[in-house]
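Each chain, letter by letter, is given below.
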Amino acid sequence: MFSKGNLAVPCWLWRSMRKLFLLLSVLLSHAAHLEGKKDNQFIWKPGPWGRCTGDCGPGGVQSRALWCFHVEGWTSPTSNCDENHRPPKERSCFRVCDWHSDLFQWEVSDWHRCVLVPASAGQAPPRTAECVTAQHGLQDRTVRCVQKLNRTRVVNEICEHFAPQPPAEQACLVPCPRDCIVSEFSPWSECSEGCEKQLQHRTRAAIAPPLYGGSQCPNLTESRACDTPISCPLGEEEYTFSLKVGPWSKCRLPHLKEINLSGRAVLDFSSDSKERVTFRHQSYKPHHLSRPWDLGIGYQTRQVWCTRSDGKNAMLSLCVQDSFPLTVQSCIMPKDCETTEWSSWSPCSKTCRSGSLSPGFRSRRRNVKHVAIGGGKECPELLEKEACIVEELLQPCPRYAWRTSEWKECQVSLLLKQQDPHWHVTGPVCGGGIQTRDVYCAQSTPVSTAQKAKEVSRPVKKTSCLGPAPSASQLCNLPCSTDCVVSSWSAWGLCVHESCRDPQGRKGFRLRRRHVLMESTGPAGHCPHLVESVPCEDPMCYRWLVSEGICIPDHGKCGLGHRILKAVCQNDRGEDVSGSLCPASPPPERMACEIPCRMDCVLSEWTEWSSCSQSCSNKNSDGKQTRSRTILALAGEGGKPCPPNQALQEYRSCNDHSCMQLYWETLPWGPCSEDTLVTALNATIGWTGEATCGVGIQTRRVFCVKNHVGQVMAKRCPDSTRPETVRPCLLPCKKDCIVTAFSEWTPCPRSCQPGNATVKQSRYRIIIQEAANGGQECPDTLFEERECEDISLCPIYRWKPQKWSPCILVPESVRQAIMGTSEACGKGVQTRAVSCVSDDNQSAEMMECLKQTNGMPPLVQECTVPCRDDCTFTVWSKFTPCSTNCETTRSRRRQLTGKSRKKEKCQDSDLYPLIETELCPCDVFISQPYGNWSDCILPEGRRESQRGYRVQGDSKECGKGLRFRAIACSDKNGRPVDPSHCSSSGYIQEECVIPCPFDCKLSDWSSWGSCSSSCGIGVRIRSKWLKEKPYNGGRPCPRLDLKNQAQVHEAVPCYSECNQYSWVVEHWSPCKIHNELRSLRCGGGTQSRKIRCVNAADSEGGAVDNSLCSQDEIPPETQSCSLLCPSECVMSEWGSWSKCPQSCDPHSTQRRTRHLLRPSLNSRTCAEDSQVRPCLLNENCFQFQYNLTEWSTCQLSENATCGRGVRTRLLSCVRSDGKPVGVDQCEQRNLEKPQRMSIHCLVECAVNCQLSGWTAWTECSKTCGHGGQMSRARFVIMPTQGEGRPCPTELTQQKTCPVTPCYSWVLGNWSACKLEGGDCGEGVQIRSLSCMVHNGSSSQSAVSVDAALCGEMPFQDSILKQPCSVPCPGDCHLMEWSEWSTCELTCINGRSFETMGRQSRSRAFIVQSFENQDSCPQQVLETRPCTGGKCYHYTWKASLWNNNERTVWCQRSDGINVTGGCAPQARPAAIRQCNPACKKPFSYCTQGGVCGCEKGYREIMRSNGFLDYCMKVPGSEEKKADVKNLAGKNRPVNSKIHDIFKGWSLQPLDPDGRVKIWVYGVSGGGFLIMIFLVFTSYLLCKKPKPHQSTPPQQKPLTLAYDGDLDM
């Protein structure tokens, strides 16, 4: 049990918990509420769209960034935003590329009308009255970006890529509102002399319509009653009476109540009854045609009454005439055009999604069931179109791109034939040519799909591809083959074993070599053999080379001694090797020699062995070498004597091998073929067959050739120099032929085809890659054709009219009731059924015939049943035959029948002619040339395709052709006829000549010049000169080469061996002593030797012309010498100078030495044994450097005329003193060689302009008549390149069309209003439709011809008949149209506001009786645009004041007085009034606008200038000419005087009209001067005769003058 205190704790706790729980629940609900609002707190915000990337066209993609933002502005993770409302990050777009500028453009409309700028808030719109000249306005126009091809709209961003958007709005001026402008009134019409009441009227015409909100035209008519002096006595007025005809009522069928059993009709004129009853009656039968044209024939009535000239009705008997108008007639019940229901909508023309370029369209049709009859409602539109966009549900449109096949093989012959039309293949050609490829349009596939799809996409129509097509032809180059350039042969080597590693036998070979100076190029380039050999005996691969030292005496200073010998073992290439390789033992180390003693004879050392006299041995001679030594000093007494001369020379044989050289000859390498061993190796290595196609082998034949003999056994040539016969090669990949899939079959026509024409469909495919290297061959069929199946022939539909029904008259009961006659005659209607049938007479829908014809033949026509009183005739006879004479006529006749022959009225031949005559047709035609001669047109040739390049077969560009001139043919009456009547072709033609282009002609190549260098590489030049200049658009000449003075020149490299021609010297002869004392045999003398120039390449070593050897290096043939006497000291020959350093430093020296051979007797010192000299540049020391020439011209192969060639530069070695030396001099010094001695170059190919064939002649620009032109065009396939023949300027030709006559239906003028018996009222006007011929020129008028020439007549009755009315006397009616006003432009301040003006005309109404004026029609205004308008301005004009009144009118600038046009606010006052008004007695308002007094009264003025009162002037009645009071009475005169002085600066009159005081003073002064002048002239002219007196006339003259002044 708990106590009470304990119970209190849980209660308190419970209350606290409950409060806490409530607080938590509130917080949780708030949190949930916030969570619920999370969507509203975080929103997506996209960034701007980025650039459009991807492929050109509609396949581009645009992206943008997306952020998630809190509503307070801070960014948040994207997870907080609702994914369902996430905007797209990417969208497709149209990527604009540069070539799109040819496809899209801005299209702007004309500026729309200028409208007033709407007033902004708080501003009142400008009032018309405040407008002075114009108000500010705005005009806009439509600016849109469109596709040029079909004018469909695209997004503006595309065009903005190329050009800024043109402005769509501009400020403009709206002229002030202008009221309607009308002319002055005409004079009043005249009144007749009768006594009855009459009206006269006057009218005016509208000149300009109201513009820009101006007021409408005022009344154009004014009427007033005539002033009749005497009114007619009652009842005796004179009136005229007219029979007035009312309009025909609507056509209606007779009601039942109009026909009773006895045949009498009770008329009911109510036309609103919808009841249609078919009834039978003896004279009115129901005439219902077979459906679908169910024609109801009813009747219509009209009222006829008599009207009086004052507009009132009178008794009919007052108007009765001989022939009473018809009041009832038959008619066709009107029937509206009936159509079928609309067909369902066609599918949308847009079947795929293509970006934002344009919407698609869909259409629906309905057909005509019944045409409108009897004035029913015409047919509505039968075709309805609307735009449709269902982009979201569509697949993306396929995109198309240009594709190309691989380039076909290069055709050089095409260019060669352009240069020389008579060129024919004589050998391999190379150099520049033309190659072509196929360009086609195909659907572009995504990259991922394209890699999987092996099949090449099929070609489609070229119009599907946008942008420029890739080029289909280009210049190409066939590499030319050039052979190697090789050096001359080296000297023959020593006799060596075939293989020094394995020496066998005593037979060996001597070799000589040459090396490649320039490698061969091209596939057929060939290198000659580089090694030749000759057999020899005792071959040695290694031999000892011994060098001797100086002779050292064994005892003392002279006598016997020895030389130290130094032996080195060398191989056949002159390299030092180990002595063990030399076969023999080394030579002894010393050798005996002898030093001459004092009195001994002294001899020189042996010279070097001379060069061999022959390079090989033949049957007649062997090669020889010699060496010699000379006597330096004679022997003394007791000394050792000198040897005989024979002992001074030694001979040995050399080059004893045969002259028949042997060498290995090779044939070209064979094709690369598979080798089983290598193929297995390929497989093991794992080469893939795609990147490279493996390694194969190439073989060639090698055989041994003996010079001048031919092939010999292989073992005779050294095997070590045998060229290789097998080499590895890269196997060429097999290339299968690749063709596209067949294009889709060209569509067969969906619509039917006329006639029996067979329609074919075709498809084609294109070779993309030709087969090569054994790949799969191309298919034979590239084009397929087949006949279209299920082609329906168009049925020819025609109208088939039935016979006309009998003439149906008004029902007899109706006729009798209305006209009171029962004779069944008069005008009626007849009907016929017309059905649409096909060729085989099967009935068809009416719509088929309506499509193929101009309209429908009439279903109803008027007819006449002759009455008893009518004249009746037979049918017209046939026309009489025509004779051949053109002047004859033909006629036809008819006769009266029955009672008509006796009726007098029927005898009137003017009304009822019985004979008709017309001129006979004439076959005489006159031709007349028309238009200019056409261009000279050559005969068409056939076109053929030559190896992928489209050339003209026999089509010529020049030569004989024809030119044409059209003729206009007319008959003898001058009517144009078809030109085939005058000439079969419609042309006269004559021969013409297009001069052939003559190309620039150059001479043949000159012979090659000599090599520019006799040592090393030089150039040889050959040239061409101008023979004939080009004309008539032939190939231009190359520019003159001023340096060589030739039109074209070529430089080719040449090589001359520096030692090819060298001087050969023989040994010096013994020294011949000059001393005359024969006893002495020593001292100074001379010695000589023989020299000759030899060709090193000549095996015989024969001498050649000395000029071939260098003249600078010619050795001396004689020299001075000395023979020393026995007592003299003898020194040896000087040794060679030591070498200078390469830098030629002048501080360094060179030395040479000699040694003592024999001492002198007297122990005198001998001459020096050594010499030293400094190394001086260009004296005894030389530096060497490579010399490079400029690049040569681009050198082509002999067979090429253009294309790729080689430019070379020449490398020679030059000594520092400028002397050219052999290149080996530079090579020995290891100088740095230039890297490139030849580079590739391009000689631009001269390509003649290549043109397509002529297109077919276009249709004539006019279907008939003069001025039609036909044209044809050709296009440039390949433009001129280089110095090719330029493109002709004439790429289009025009020819005038034959002048065919123009036949057209021409509507005649409306006839006068026919009332059919009445005098006035409602009638009908008709006009004719006639066939006219003209020649299309405005000068010739049209002439009527036979209707058959115009073809089918348009079946439209409504254009040939219209209602009209003739006003009765007393009727209010409209006048005829006024003349068109002159063309006027809207102008502001005299400047034109528009290009097109406007002119107006109007119809005013005439009131003839006041009683009828309420029934007057509205006046009519008509305005039309016009050209050649003028600016007119309108000004107010005013007459002179008269009694404070004047006339004010508006005048146009051309002098026409008008109403309207002048600004109302600028109108001058027409009445003048004083303010305050003149109310004083005897006062009036003067012209100055102030109050004055009448004549005889003087003004008494107040201080403020106003009139106080008028005071009478005493005695004013007697004065007649009081100048002061002139203003008193004669006010009109005064106003004229005021007008005279109006423009003066000094005004002679006061504002109230009085003459000012200064005028009196001036008048008096003038009078005195005049008297003085008269008196002076009198004194001067007076003669000195006493009897002469003053003439009596003088005083009267003066008085007259005085009186004049007083006036």
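Residues numbered from 1 in each chain as written. Predicted model: local features only at pLDDT ≥ 70, side-chain atom pairs only at ≥ 80, totals over all residues. Heavy atoms only, no water.

1. Quick look at the overall build of the chain
Line of reasoning, step 1. Looking only at helices and strands, the chain features 13 helices and 101 strands.
Line of reasoning, step 2. Taken across its 1607 residues, the chain has 31% of its residues classed as buried.
Line of reasoning, step 3. Across the chain, contacts joining residues at least 24 apart in sequence account for 69% of those joining residues at least 6 apart.
Line of reasoning, step 4. Accessible area of the chain: about 102,000 Å², with a carbon and sulfur share of 53%. (Helix = DSSP H or I, 4+ residues; strand = E, 2+ residues; numbered from the N terminus. Buried < 20%, exposed > 50% of the residue type's maximum accessible area, 1.4 Å probe, protein only. Contact = heavy atoms within 4.5 Å. Areas by Shrake-Rupley, 256 points an atom, 1.4 Å probe, with all protein chains shown as cover.)

2. What to know about helix α7 (residues 812–819)
Line of reasoning, step 1. The set of residues buried in α7 consists of Glu 812, Ser 813, Val 814 and Arg 815.
Line of reasoning, step 2. Its buried side turned inward, α7 meets β17 (297–301) and β20 (328–332).
Line of reasoning, step 3. One or two residues past the end of α7 sits Gly 820, with phi positive at roughly 75 degrees.

3. Observations concerning unusual backbone geometry
Line of reasoning, step 1. The phi torsion at Asn 1178 lies on the positive side, around 70 degrees, for a residue other than glycine.
Line of reasoning, step 2. Mapped onto the elements of the fold, Asn 1178 is located in the loop between β74 (1170–1174) and β75 (1184–1188).
Line of reasoning, step 3. Judged by its relative accessible area of 33%, Asn 1178 is partly exposed.
Line of reasoning, step 4. With phi around 50 degrees, Asn 1230 is a residue other than glycine that occupies positive phi space.

4. Some thoughts on the side chain of Thr 666
Line of reasoning, step 1. Its location among the elements puts Thr 666 in strand β41 (residues 662–666).
Line of reasoning, step 2. If we ignore the near neighbours within four places in the chain, the residues touching Thr 666 are His 526, Arg 700, Arg 701, Val 702 and Pro 723.

5. Some details on the pairing of strand β33 (residues 531–537)
Line of reasoning, step 1. Within β33, 5 of the 7 residues are buried, which leaves it mostly tucked inside the rest of the structure.
Line of reasoning, step 2. Judged from the 7 bridges that link them, strand β31 (residues 507–513) and β33 form a sheet pairing that is antiparallel. Bridge pairing in β33 links Leu 511 to Ser 533. (Pairing = 2+ DSSP bridges.)

6. Examining the state of the cysteines
Line of reasoning, step 1. For the coordinates displayed, the defined rule picks out 53 disulfides.
Line of reasoning, step 2. With a sulfur-sulfur separation of 1.6 Å, Cys 551 is cross-linked through a disulfide to Cys 593. Disulfide Cys 551 to Cys 593: torsion about the S-S bond roughly 100 degrees, handedness right-handed. Here Cys 551 is found in strand β34 (residues 542–553), whereas its partner Cys 593 is found in strand β36 (residues 590–595), with 42 residues between them in sequence. For the pair Cys 551 and Cys 593, a shared accessibility class is recorded, and that class is buried. (Disulfide = S-S within 2.5 Å.)

7. A short note on the nonpolar core
Line of reasoning, step 1. Core analysis: the biggest nonpolar cluster contains 19 residues, and Trp 799, Met 856 and Leu 859 have the highest contact counts within it.
Line of reasoning, step 2. Of all the secondary structure elements, the ones that give two or more residues to this core are β52 (834–837) and α8 (846–852).
Line of reasoning, step 3. A per-element tally of this core places α8 first, with 3 residues.
Line of reasoning, step 4. Counting residues in hydrophobic clusters, the runner-up holds 9 residues, among them Phe 94, Val 96, Phe 104 and Val 143. (Core = buried A, V, L, I, M, F, W, Y, C linked by side-chain atoms within 4.5 Å.)

8. Thoughts on the pattern of salt bridges
Line of reasoning, step 1. All chains considered together, the criterion is met by 28 salt bridges.
Line of reasoning, step 2. For Glu 384, the salt bridge goes to Arg 364, with nearest N and O atoms at 2.6 Å. One end of the pair, Glu 384, is in strand β24 (residues 383–388); the other, Arg 364, is in strand β22 (residues 360–365), and 20 residues separate them in sequence.
Line of reasoning, step 3. By relative accessible area, Glu 384 is classed as partly exposed at 29%. (Salt bridge = Lys/Arg side-chain N within 4 Å of Asp/Glu carboxyl O.)

9. A closer look at the packing of aromatic side chains
Line of reasoning, step 1. Summed over the entire model, instances satisfying the criterion amount to 5 aromatic pairs.
Line of reasoning, step 2. Ring geometry for Phe 873 against Tyr 912: centres 5.8 Å apart, planes inclined by 35 degrees, an arrangement best described as tilted. Placement of Phe 873 in the loop between β53 (860–865) and β54 (889–893) and of Tyr 912 in the loop between β54 and β55 (915–919) is noted, with a sequence separation of 39 residues between them.
Line of reasoning, step 3. Its relative accessible area of 22% is what places Phe 873 among the partly exposed residues.
Line of reasoning, step 4. Note that Arg 1424 overlies the ring of Trp 1380, its terminal NZ or CZ placed 4.0 Å from the centroid.
Line of reasoning, step 5. Positioned over the ring face of Tyr 1432 is Arg 1452, at 4.0 Å from the centre of the ring. (Phe/Tyr/Trp six-rings, centres within 6.5 Å; stacked < 30°, edge-to-face > 60°. Lys NZ or Arg CZ within 6 Å of the ring centre and 35° of its normal.)

10. A look at the sheet that holds strand β86 (residues 1329–1334)
Line of reasoning, step 1. The strand order across the open sheet built from 3 strands is β84-β86-β87, with neighbouring strands paired in antiparallel fashion. Looking along the sheet, the strands with just one partner apiece sit at the ends: β84 (1302–1307) and β87 (1343–1344).
Line of reasoning, step 2. With 6 bridges connecting them, β84 and β86 associate as antiparallel partners. Residue pairing for β86: Cys 1302 is matched across the bridge by His 1334.

11. Overview of the sheet that holds strand β65 (residues 1061–1065)
Line of reasoning, step 1. Within the open sheet, the 3 strands sit side by side as β65-β68-β69. Their pairing is antiparallel. In the strand order of this sheet, the two ends are held by β65 and β69 (1103–1104), each with one partner.
Line of reasoning, step 2. Note that strand β68 (residues 1091–1095) and β69 share 2 bridges and pair antiparallel. For Val 1094, the partnering residue across the bridge sits in β69 and is Ala 1103.

12. Regarding the environment of Tyr 542
Line of reasoning, step 1. With respect to the secondary-structure elements, Tyr 542 resides in strand β34.
Line of reasoning, step 2. On a C-alpha basis, the gap between Tyr 542 and Arg 573 in space is 9.4 Å, while along the polypeptide they are 31 residues apart.
Line of reasoning, step 3. Those residues in contact with Tyr 542 that sit more than four places away from it in its chain are Cys 500, Cys 569, Gln 570, Asn 571, Val 577, Leu 581, Cys 582 and Pro 583.

13. Here's the deal with a nonpolar patch on the surface
Line of reasoning, step 1. A cluster of nonpolar side chains, contributed by Ile 1569, Met 1570, Phe 1572 and Leu 1573, occupies part of the molecular surface with about 400 Å² of accessible area.
Line of reasoning, step 2. Summarising the element assignment, Leu 1573 is placed in helix α12 (residues 1557–1581). (Patch = residues over 30% accessible without salt bridge, like charges linked within 9 Å, V, L, I, M, F, W, Y side chains within 5 Å.)

14. Some points on the side chain of Arg 1272
Line of reasoning, step 1. By the secondary structure assignment, Arg 1272 is in strand β81 (residues 1269–1273).
Line of reasoning, step 2. Residue classification places Arg 1272 among the buried residues on the basis of a relative accessible area of 4%.
Line of reasoning, step 3. In terms of polar contacts, Arg 1272 uses its side chain to reach the side chain of Gln 1293, at 2.8 Å. (Polar contact = N/O pair within 3.5 Å; in protein donor to acceptor, adjacent residues only side chain to side chain.)

15. Here's the deal with the environment of Cys 616
Line of reasoning, step 1. With respect to the helices and strands, Cys 616 occurs in the loop between β37 (602–603) and β38 (623–628).
Line of reasoning, step 2. Residue classification places Cys 616 among the buried residues on the basis of a relative accessible area of 2%.
Line of reasoning, step 3. For the pair Cys 616 and Met 660, spaced 44 residues apart in sequence, the C-alpha separation works out to 8.5 Å.

16. Some points on the confidence of the model for the chain
Line of reasoning, step 1. Across the chain, pLDDT averages 78, with 84% of residues at or above 70.
Line of reasoning, step 2. Counting interchain partners and residues more than four positions distant, the pLDDT-below-50 stretch residues 942–954 has 29 contacts. (pLDDT = per-residue confidence, 0-100.)

17. Quick word on the environment of Val 115
Line of reasoning, step 1. You can see Val 115 is positioned in strand β7 (residues 115–116).
Line of reasoning, step 2. Residue classification places Val 115 among the partly exposed residues on the basis of a relative accessible area of 46%.
Line of reasoning, step 3. Along the chain, Val 115 and Ala 171 lie 56 residues apart, while their C-alpha atoms are 9.7 Å from each other.

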